[in-house]
Amino acid sequence: MTDTVLVTGGAGLVGSECCRLFAENGYDVISVDNYTRGDLFGSEGDTETNTERYLAGDRIDHRELDVRDDAVADIAAEVDAVVHNAAQPSHPKSIDIPVEDFNINVGGTLNLLEALRTRNPDAPFVFTSTNKVYGEVPNFFSYEKEGKRFEPVDSTVRNGFDESLRIDQNKHTPFGVSKAAADLYTQEYAEMYGLDAASFRMGCITGGAARAVEMHNWEPYFVKLALTGEKLTIYGYEGYQVRDVLHARDLARLYLAYVEDPRPGEVYNVGGGRDNSISLLESIDLIEEITGNRLEYEHGDQREADHQWWISDLSKVRSHYPEWKLEYDLRDIFEEIADSLSDELNSNEN
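Numbers given for residues are sequential positions, taken from 1 along each chain in its written order. Under the rules for a predicted model, residues below a pLDDT of 70 receive no local features and side-chain atom pairs below 80 are neither given nor counted, while totals for whole chains, interfaces and linings still include all residues. Each side-chain value is derived from all of the structure's non-hydrogen atoms; neither hydrogens nor water enter the calculation.

Student: I tried to follow the packing of aromatic side chains on my own but got confused; where do I start?
Tutor: To describe a pair of aromatic rings, one takes the distance between the centres and the angle between the planes. The aromatic pairing rule takes the rings of Phe, Tyr and Trp, using the six-membered ring of Trp, and pairs them if the centres are within 6.5 Å, calling planes under 30 degrees apart stacked, those over 60 edge-to-face and the rest tilted. According to the stated counting rule, one finds 16 aromatic pairs in the structure shown. Taken together, a centroid distance of 5.6 Å and an interplanar angle of 50° make the contact between Phe150 and Tyr240 tilted. Of the two residues, Phe150 sits in strand β7 (residues 149–152) while Tyr240 sits in the loop between β10 (232–235) and β11 (242–247), which places them 90 residues apart along the sequence. This pair shows no difference in class: Phe150 is buried, exactly as Tyr240 is. Relative to Tyr268, the ring of Phe200 lies with its centre 5.2 Å away and its plane at 35°, an arrangement referred to as tilted. One end of the pair, Phe200, is in strand β8 (residues 197–202); the other, Tyr268, is in strand β12 (residues 267–270), with 68 residues separating them in the sequence. Comparing Phe200 with Tyr268, the two get one shared label, buried. Of the aromatic side chains, those joined through ring pairs into one cluster are Tyr134, Phe141, Tyr143, Phe161, Trp309 and Trp310. Of note, Arg117 hangs over the ring of Tyr193, and the distance from its end group to the ring centre comes to 5.0 Å. Above the face of the Tyr268 ring, Lys316 is positioned so that its terminal group lies 5.3 Å from the ring centre. Each helix is a run of DSSP H or I of at least 4 residues and each strand a run of E of at least 2, with the numbering of both proceeding from the N terminus. Each residue's exposure class comes from its accessible area (1.4 Å probe, protein chains only) as a fraction of the maximum for that residue type: buried when under 20%, exposed when over 50%, partly exposed otherwise. Remark: a charge is flagged as sitting over a ring if the NZ atom of Lys or the CZ atom of Arg is within 6 Å of the ring centre and within 35 degrees of the ring normal.

Encoded structure:
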């Protein structure tokens with residue numbers, strides 16, 4: 001009998017990659033999405049168009065549903081695994097809509113966990129968390145400029161932050177709080193009720209399916225402005241802030257590895273690591289190399305609880321899943337984004 005996996009947020013960046021990868025590996029996929037990003041970010045953030053581009057496979061059954069719906073709980077009660085990506089994804093946006101942020105991120109996660117606890121306790125559960133659960137704690141470290149980026153003064157964290165970083169007594173934005181709550185609920189349902197559930201705390205996840213929206217998915221947004229000739233606003237840190245970047249396909253492969261070999265109650269920091277780390281200034285140079293267009297920018301005020309420097313320490317996840325390796329480097333990722341956006345912009349012109 002073929003296993004069936006439920007993928008929430010299936011039309012989104014991570015969800016669509018999960019749908020395709022699981023289908024390619026012999027799973028039947030039920031995808032659910034209510035296209036909330038279009039409501040949050042306008043037409044440029046709408047993921048509904050991804051259903052035709054990425055979810056047309058024979059093994060993918062895509063449905064328009066809200067993760068808080070009873071219907072989604074009923075699906076979770078019948079499948080062999082759940083990969084939960086659906087979320088309000090923007091920490092700047094959460095400042096304006098804290099209640100909606102909570103209802104989606106915490107309420108939606110609890111809806112799924114309860115369905116598994118009460119009706120389907122053997123199904124592995126993957127929760128897409130975020131490094132924002134750590135709030136502004138990464139900013140409590142000291143950094144210095146090296147070339148066009150910041151690097152930590154403390155050499156012990158130079159290869160990234162691990163899962164021991166604390167999460168309390170600091171500013172998170174409501175998004176960081178809601179994702180931390182859902183993250184902890186995932187851990188608790190594993191510890192208290194024995195579910196095969198784990199939380200994956202992300203750095204910057206992107207790829208060709210990402211929507212180019214200023215408050216979410218900075219990489220495609222930067223590339224889009226380079227292609228259109230619009231000016232970018234860099235918020236704080238003069239562009240020296242560092243992020244680690246992971247292609248959503250690489251993340252989906254890790255999720256598949258977890259579903260097939262779950263380690264209940266674990267938390268993992270996941271991102272591009274040191275090898276796929278880049279500052280905003282460095283990304284502008286890379287985008288110019290790829291597109292031939294120089295991205296013009298100006299400086300704006302620093303955003304609330306925005307990280308000065310983040311690299312994920314991948315030691316733990318690599319020790320638990322040693323076969324998992326990154327297939328996409330930074331150039332691969334930005335080239336795919338540029339190709340996807342060029343096609344989209346040319347299509348809109350025609």
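Student: Please explain the sheet that holds strand β13 (residues 277–279) as it appears in this structure.
Tutor: Consider a sheet: its strands pair through backbone hydrogen bonds, and that pairing is either parallel or antiparallel. Two strands form a pair only when DSSP identifies at least two bridges running between them. On the basis of which strands lie adjacent, the open sheet formed by three strands has the order β9-β11-β13 and mixed pairing. In this open sheet, the two strands that pair with only one neighbour each are β9 (204–206) and β13. In this sheet, adjacent strand axes meet at a mean angle of 45° when their direction is disregarded. Bridge count between β11 and β13: three bridges; the pairing is antiparallel. Bridge pairing links Val242 to Ser279 in β13. The contact criterion used throughout is that any non-hydrogen atoms of two residues lie within 4.5 Å. Where helices are involved, their axes are fitted lines through C-alpha atoms of the stretch in contact, as for all axes, and angles between N-to-C directions lie from 0 to 180°. Helix α8 (residues 218–228) contacts β9, β11 and β13 of the sheet and is inclined by roughly 60° relative to β9.

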